[in-house]
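# Results of the structural survey
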There are 4 protein chains.
Amino acid sequence: MAAINVTIWNEYLHEVQESAIREVYPTGIHGALADGLGVNADFNIRTATLEEPSHGLPDDVIESTDVMLWWGHMGHHLVDNKVVEKVRQQVLGGMGLIVLHSGHYSKIFTRLMGTNCSLMWREANEKERLWNLEPSHPIMAGIGQYIELPAEEMYGERFDIPTPDELLMVSWFQGGEVFRSCATWRRGHGRVVYFRPGHEEYPTYRNPDILQVLANACRWSARTVNIKTNDSPNVAALEPVPGATDRAVKAAQAGSGSVGT
Amino acid sequence: MAAINVTIWNEYLHEVQESAIREVYPTGIHGALADGLGVNADFNIRTATLEEPSHGLPDDVIESTDVMLWWGHMGHHLVDNKVVEKVRQQVLGGMGLIVLHSGHYSKIFTRLMGTNCSLMWREANEKERLWNLEPSHPIMAGIGQYIELPAEEMYGERFDIPTPDELLMVSWFQGGEVFRSCATWRRGHGRVVYFRPGHEEYPTYRNPDILQVLANACRWSARTVNIKTNDSPNVAALEPVPGATDRAVKAAQAGSGSVGT
Amino acid sequence: MAAINVTIWNEYLHEVQESAIREVYPTGIHGALADGLGVNADFNIRTATLEEPSHGLPDDVIESTDVMLWWGHMGHHLVDNKVVEKVRQQVLGGMGLIVLHSGHYSKIFTRLMGTNCSLMWREANEKERLWNLEPSHPIMAGIGQYIELPAEEMYGERFDIPTPDELLMVSWFQGGEVFRSCATWRRGHGRVVYFRPGHEEYPTYRNPDILQVLANACRWSARTVNIKTNDSPNVAALEPVPGATDRAVKAAQAGSGSVGT
Amino acid sequence: MAAINVTIWNEYLHEVQESAIREVYPTGIHGALADGLGVNADFNIRTATLEEPSHGLPDDVIESTDVMLWWGHMGHHLVDNKVVEKVRQQVLGGMGLIVLHSGHYSKIFTRLMGTNCSLMWREANEKERLWNLEPSHPIMAGIGQYIELPAEEMYGERFDIPTPDELLMVSWFQGGEVFRSCATWRRGHGRVVYFRPGHEEYPTYRNPDILQVLANACRWSARTVNIKTNDSPNVAALEPVPGATDRAVKAAQAGSGSVGT
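All values reported here derive from a predicted model rather than from experimental measurement. (Residues numbered from 1 in each chain as written. Chains lettered and ligands numbered in written order. Predicted model: local features only at pLDDT ≥ 70, side-chain atom pairs only at ≥ 80, totals over all residues.)

### What about the overall build of chain A?
Basically, it comes down to this: Per the convention used, a helix needs a DSSP run of H or I reaching at least four residues, while a strand needs a run of E reaching at least two, with both numbered from the N terminus. Burial is judged by counting other C-beta atoms within 10 Å of a residue's own C-beta: 20 or more means buried, 12 or fewer means exposed, and anything between counts as partly exposed, with every C-beta placed from the backbone. The contact criterion used here is simple: two residues whose C-beta atoms, placed from the backbone, lie within 7 Å are in contact.
The secondary structure content of chain A amounts to eight helices and nine strands. Taken along the three principal axes of its C-alpha coordinates, chain A extends 70 × 40 × 40 Å. Among the 261 residues that make up chain A, the fraction classed as buried is 58%. Contacts in chain A between residues at least 24 apart in sequence constitute 70% of all its contacts with a sequence separation of at least 6.

The following block contains the structure:
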């Protein structure tokens, strides 16, 4: 089995700017994820951050990625639209994308969903219990009936997302809310996973169950094809069609797409 | 029952620039649709076109629309991004949107779907038969086993769309292809319908069955709520949560959303 | 608008056998529902119970019903399979079905879902908060952000159901669980709604919000077509097909379905 | 990687009773499938037929199967309900099931779907072209834009199935119809695939593309868990719930499920 090229993108601002966060994630959230996922021998891991040139995502990195993880929060607006569009086209062409926690508001996620991806939130150091709705799904492999996190930020419904293709986990929060915490969508030829936990104040990304879900999600969404979808070809008929119009014949002869679709 | 405010948007370029198309639709595609849908006493119909100021869609028109129909083709790139975003927010807030034929490539549709919405196509004057998969769906009311169109442009799979919430019609084409021709998606609080037929060279929008589907789709997708989804509120707990962090308490006191989501 | 024929089916055993339950529902759960839904002028309401002949569901009642509500619990196994199959064929032909609370284990629901419809449960007099995920759905009309019930039986995930076509409410329980509480599925030409609340010990069916959801669900799922789906017709080709086999020609001549499908 | 235990079930009546069919499949449809799938080193293949004791499906065979293929037609009614129920519980517990062609009317498929699974049909020796809607899905691995079969039985919509979780192929037929030819559903913890082609008069199960789809489907749906879903446990609260009723406390003390769900 070929190695899976995993690229972990993190905006890496909280950890730099706030000492309390740096204590939780001394090498950044991307560093913790690289450590935690790095134990999997089938992963070839790279990291990238906002402040690097091209946000650490030059064309050759994007194009050689099988699955990308995305953590962002305060710097969503600083991400270059051109990079976002390149990442989006890779997803549509077959790359996997795993959007983490506050990445719900990232350009790449909202652009792929088409909705605002808004929600309710609260920082109250409260308990979260993520219920496993589909234990037979590959992303839930090795996960029991639920994952309990002693302290997390709360995200509450209504989460403004399109109906997921698959809803894998629903969170219960101590303060009284629920949330669709792990969900998948097919977009183009790519698979998108949203996974809720991971507020910067908590060591969530060192929790073994959380890392298991992420490793599973990497394998499940990793690219298997590379098929561009940004073209609408003018095609010949496969069966006899008498009586094409002059306009159509001329267009076909000219090889022109200008009159079509 | 209150009237439904229907706004028919048409780019209105083919009909102006090409005499052959003008013969098919002397008052424009929007004119034909306004005539065909205007027989429904519960519809209050307006039309809008590309060349009008704000493309005929100033704020008060967008905001007072219950359902919008969208036909575009050669001028997709000429539509102002600001207008598109206003229309999109209205959909997410509850407005219905019915995207017609070559509108598959419109900014509003691709932005709401998140995908490229590409397809295969051919202009060969060929027969299309749209099979009715869900005769009990309100959009199919009054439609039989299939609709047959003697001549249409061909659109073939793979249509690069997210999995529809509901797939209502699949087309058979004489030349050998199939296409998901009528499909629905919920986006935010709004309902989006895509309906394939309607190439500018053919009088498709005077076909009674096609007009029936469109009238049904207007009623089914018409706005019932007006709820903005572009905000993520910071909320208080509904149940006791001991031990909120200092950071969270300070943020709540300041009424600030800056640390959250 | 024609009246909607609503049939409320209740096994009516708890109320007869247990005085504590009879105090909550003196005229039975069906009586309370008939009272609560009866304020809607567009409903023509009938009730039926297990101990009546044919469980109160002779053919003419089933066939003239637009939407049926089903509450059962301890007597699921006492319901005649023949009646269940008649009800199922009506659903597949276009009748609406609203399955209530412990009806998750009814023959009609499990037969339509194909799964075991199992769940976790607890009777602990605890708080339930049903979060509204789709305020623009007709079944949620008039319902706010959530419905709070001070005391209910707990139902917890995993609920063994097929992925719902639409997930409208998710419950939060005081004891730590979550549950998909309001969901819909299309089966044949009929629409099926499952709505969780309604344990016999609590006056849930007098709660105005609960009654609003049920009235909405009746209107949304009420029959609009009557199309049998229990036959697979042998059909002639719509387009020329040269070279049918002798076997096929003979079958078609004989009008026989015996070699086909 | 552990071998996948594949059980191919075939009613094996046409091949025995009709010489013309026996010429197409001298060792039976199950024999042809065993040959075609047997080239995959990761498959451990067994076959079973209607006339064998327990239809070739004694408990130990059912329970040690990871994925079962099912071809049936004229003998659906001869299959023992008890065997069907055992197979169904295995699917709900995690076994894969691939239903072939006329198996649409089998007890196991209709029981898992909940619908009648009816369709239109015609035997006219006509061309079928199966369009690939999701080339990135594991079941479509290695399959191009479409599969063309020179002669097959026609199946036409409306196919009375629940909305598929995933729609992978749609067929075009020469005679003018379309059909959802490859689709998947999750039921319990198991995955169900329906794949249309395979009329007994044609050598469809020796077509390399058809065999590729079936091999892919075996791998995709093969069991990964074994979790029974036919029980609804009474569970203790995970969080403090003051004030459980006497009735609930007594039930919990008695370990009784009789009052619950």
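Having seen the model, we can carry on.
### Re helix α5 (residues 81-93) of chain A
Residue and element names in this part refer to chain A. The test is simple: Expected span, for any helix, means 1.5 Å times one less than how many residues it has.
End to end, α5 covers 18 Å across 13 residues, agreeing with the expected 18 Å (1.5 Å per residue, within 8%). Taken as a whole, α5 has its buried residues at V83, V84, V87, R88, Q90, V91, L92 and G93. The secondary structure elements touched by the buried residues of α5 are α4 (59-63), β3 (67-71), β4 (96-100), α6 (107-113), β8 (178-187) and β9 (190-195). Taken from the residues just after α5, G94 is the one with a positive phi, measuring 135°.

### What to know about the interface of chain A and chain B
The following threshold applies: Just so you know the grouping, Ala, Val, Leu, Ile, Met, Phe, Trp, Tyr, Cys and Pro go in nonpolar, Asp, Glu, Lys and Arg go in charged, and all remaining residues, Gly too, go in polar.
Taken residue by residue, the interface counts 51 residues in chain A and 51 residues in chain B. Within the residue set of the side of chain A that touches chain B, elements represented by two or more residues are α6, β5 (120-132), β8 and α8 (246-254) of chain A. For the side of chain A that touches chain B, the leading source of residues is β5 of chain A, giving seven residues. Taken together, the residues of the side of chain A that touches chain B break down into 19 nonpolar, 20 polar and 12 charged.

### Here we look at helix α7 (residues 208-221) of chain D
Helix length check: α7 of chain D, at 14 residues, gives a terminal C-alpha distance of 20 Å against a target of 20 Å (1.5 Å per residue), a fit within 8%. Among the residues of α7 of chain D, those classed as buried are I210, V213, L214, A215, A217, C218 and S221 of chain D.

### Thoughts on the sheet that holds strand β9 (residues 190-195) of chain D
Residues and elements named next belong to chain D. For clarity, the cut-off: Strand pairing is assigned whenever DSSP detects at least two bridges linking the two strands. Helix axes are fitted only over the stretch in contact, all axes being lines through C-alpha atoms; the angle between N-to-C directions runs from 0 to 180 degrees.
Reading across the sheet, the nine strands line up as β2-β1-β3-β4-β9-β8-β7-β5-β6 and stay open at both edges, with mixed pairing between neighbours. Each of the sheet's edge strands pairs with one partner strand only, and the pair in question is β2 (43-49) and β6 (146-156). On average, each strand axis in the sheet is inclined to that of its neighbour by 25°, with strand direction left out of account. One ladder, built from five bridges, connects strand β5 (residues 120-132) with strand β7 (residues 166-173); its direction is antiparallel. Across the sheet, the residue bridging to W131 is V170, located in β7. Each of β1 (4-10), β2 and β3 (67-71) touches helix α3 (residues 28-37); the most contacted strand, β1, lies at about 155° to it.

### Here's the deal with the relation of the copies chain A and chain B
This is how the line gets drawn: When the copies are superposed, the least-squares fit draws on C-alpha atoms of residues that have pLDDT of at least 70 in both.
Once chain A is rotated about the relating axis by 180° and shifted along it by 0.0 Å, it coincides with chain B to within an RMSD of 0.0 Å. When the rotation and shift are considered jointly, the pair of chain copies conforms to a two-fold rotation axis. Residue G114 of chain A, judged by its C-alpha, is the member of chain A lying nearest the rotation axis, at 2.5 Å.

### Things to note about the relation of the copies chain C and chain A
In screw terms, the move from chain C to chain A is a rotation of 180° and a rise of 0.0 Å along the axis, fitting with an RMSD of 0.0 Å. With an isologous cut-off of 70% or more, the 100% of interface residues of chain C that recur at the interface of chain A puts this contact in the isologous class.

### Brief notes about the sheet that holds strand β9 (residues 190-195) of chain B
All names here are of chain B. Pairing is mixed across the open sheet formed by nine strands, whose spatial order is β2-β1-β3-β4-β9-β8-β7-β5-β6. Across the chains shown, the open sheet's two edge strands, defined by having one partner strand only, are β2 (43-49) and β6 (146-156). Sheet twist, expressed as the average angle between the axes of neighbouring strands with direction ignored, equals 25°. In this fold helix α3 (residues 28-37) packs onto β1 (4-10), β2 and β3 (67-71), with an angle of close to 155° to the strand it touches most, β1.

### Observations concerning the interface of chain C and chain A
Tallying the contact residues gives 10 residues for chain C and 10 residues for chain A. Those elements that place two or more of their residues in the side of chain C that touches chain A are β5 (120-132) and β7 (166-173) of chain C. Of the residues in the side of chain C that touches chain A, the class split is five nonpolar, one polar and four charged.

### What to know about the pairing of strand β6 (residues 146-156) of chain A
All names here are of chain A. Burial analysis of β6 places eight of its 11 residues in the buried class, the great majority of the element. Alignment of β5 against β6, held across eight bridges, turns out to be antiparallel. Residue M120 lies in a different strand from β6, and its bridge partner there is G156.

### As for the domain arrangement of chain A
Rule in force here: Marked domain ranges trace back to an automatic or database domain assignment.
Partitioning chain A into domains gives domain 1 (4-115 + 180-221) and domain 2 (234-261). The centre of domain 1 of chain A, based on its C-alpha atoms, is set 44 Å off from the matching centre of domain 2 of chain A.

### With respect to unusual backbone geometry
Backbone torsion omega between E157 of chain B and R158 of chain B reads 15°, so that peptide bond is classified as cis. Mapping R158 of chain B onto the fold places it in the loop between β6 and β7 (166-173). Although it is not a glycine, H101 of chain B adopts a positive phi angle of roughly 45°. Of the residues examined, H101 of chain B has 24 C-beta atoms within 10 Å and is grouped as buried. For N125 of chain C, which is not glycine, the phi dihedral falls at a positive 60°.

### Examining the pairing of β4 of chain A
Residue and element names in this part refer to chain A. Quick note on the threshold: By definition, the crossover connecting two strands over a helix is right-handed if that path, from the first strand to the second, turns clockwise as seen with the strands pointing away from the viewer.
Most of β4 is tucked away, with five of its five residues classed as buried. Burial along β4 is two-sided: the face carrying G96, I98 and L100 and the face carrying L97 and V99 are both buried. The pairing of β3 with β4 spans five bridges and is parallel. Opposite W70, over in β4, you have V99 as the bridge partner. At this point the chain moves from β3, through α5, to the parallel β4, and the crossover so formed is right-handed. Bridge count between β4 and β9: four bridges; the pairing is parallel. Its bridge partner lying in β9, L97 is registered against V192.

### A closer look at the environment of L13 of chain D
Residue and element names in this part refer to chain D. Along the chain, L13 falls in the loop between β1 and α1 (14-17). Taking the C-alpha atoms as reference, L13 lies 10.0 Å from I29; in sequence the two are 16 residues apart. Not counting chain neighbours up to four residues away, the residues in contact with L13 comprise L50, M74 and G75.

### Some points on the environment of G38 of chain C
All names here are of chain C. Note on placement: G38 falls in the loop between α3 (28-37) and β2 (43-49). Judged by local crowding, G38 falls into the partly exposed class, with 13 C-beta atoms found within 10 Å. A C-alpha to C-alpha distance of 9.4 Å links G38 and A215, two positions 177 residues apart in sequence. Setting aside anything within four residues of it in sequence, one finds G38 in contact with F43 and I45.

### Focus on the confidence of the model for chain A
As a note on interpretation, predicted positions should not be read in detail where pLDDT is low. All names here are of chain A. Here is the rule: Scored between 0 and 100, pLDDT is the confidence that the predictor attaches to each residue.
Model confidence for chain A is summarised by a mean pLDDT of 94, while 93% of its residues fall at 70 or above. The model gives residues 255-260 a pLDDT under 50, and that stretch makes nine contacts with residues more than four places away or in other chains. For this predicted complex, the interface score ipTM comes out at 0.94, while the overall pTM is 0.95.

### Concerning the environment of I21 of chain A
Residues and elements named next belong to chain A. Within the secondary structure, I21 sits in helix α2 (residues 19-24). Residues I21 and H199, 178 residues apart in the sequence, show an inter-C-alpha distance of 9.9 Å. Apart from the residues within four sequence positions on either side, I21 is in contact with H14, E15, E200 and E201.

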